[in-house]
Amino acid sequence: VGSEMCIRDRLGGSDVLEIKVLGAEELDRVVRVSADGTVSYPLIGVLRLAGLSVTEAESLLAQRLGQNYLQDPQVSIYIKEYGANQVTITGEVSKPDVYNLTESRTLVEMIAIAGGLTPQAGQTVKVNTTQYDPQTQQPKNLVLLLNIDELLSSDDIKSNFTLSSGDSIYVPLSLIHISEPTRL
């Protein structure tokens with residue numbers, strides 16, 4: 001989970017990327033990230049870019065091109081078009097739904113977009129997310145259980161992280177609910 005804040009801080013499926021290699025214009029390409037998070041690139045083949053920041057993707061591409069083909073390649077990647085960036089939020093929020101996001105959002109912001117918590121919301125929030133190992137590029141599914149009170153009162157970026165396309169959030173029903181007394 002990154003700390004960069006831009007329109008969306010991680011590359012995702014269906015993003016359209018313009019890749020430029022300084023001094024090697026024959027390698028300049030416009031590519032679309034596939035649904036499985038990969039792109040096909042000359043000399044290298046298939047490369048997983050989903051889940052990486054632009055800077056990480058540039059470094060990875062430069063490293064691979066520098067292994068056998070170019071000396072100290074300078075790679076620039078520009079996001080020409082963002083693909084679908086959908087986050088699902090269900091459970092005890094006012095407006096559970098699948099949301100198409102046009103900019104990066106944190107977990108707390110997403111809860112607010114979904115209308116906030118209902119009075120019956122429990123004390124935890126469950127987040128299903130995918131992170132990619134920067135070395136192997138293999139996806140790793142993570143299930144995070146976070147305390148809502150700590151999340152809402154904390155400035156800790158690790159607990160209020162930026163969501164990625166495909167993440168799902170579930171706010172369970174409270175096991176204990178104190179109702180308002182009824183008037184007769």
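Structure's up top.
Residues numbered from 1 in each chain as written. Predicted model: local features only at pLDDT ≥ 70, side-chain atom pairs only at ≥ 80, totals over all residues. Heavy atoms only, no water.

Draft legend 1. Molecular detail of unusual backbone geometry. Unlike most non-glycine residues, Leu 43 shows phi in positive territory, near 75 degrees. Structurally, the position occupied by Leu 43 is in the loop between β3 (38-41) and β4 (45-48). Take Leu 43: its relative accessible area is 46%, and that puts it in the partly exposed class. The residue Asp 72 is not glycine, and still its phi comes out positive at about 50 degrees. Residue classification places Asp 72 among the exposed positions, given a relative accessible area of 61%. (Helix = DSSP H or I, 4+ residues; strand = E, 2+ residues; numbered from the N terminus. Buried < 20%, exposed > 50% of the residue type's maximum accessible area, 1.4 Å probe, protein only.)

Draft legend 2. Looking closely at the pattern of salt bridges. Summed over all chains, the structure comprises two salt bridges. Residue Lys 20 is joined to Glu 18 by a salt bridge in which the shortest nitrogen-to-oxygen separation is 3.3 Å. Assessed through its relative accessible area of 34%, Lys 20 is described here as partly exposed. Residues Arg 32 and Glu 81 are paired through a salt bridge, measuring 3.8 Å at the closest nitrogen-oxygen approach. Of this pair, Arg 32 sits in strand β2 (residues 29-32) while Glu 81 sits in strand β5 (residues 75-81), and the two are 49 residues apart along the sequence. (Salt bridge = Lys/Arg side-chain N within 4 Å of Asp/Glu carboxyl O.)

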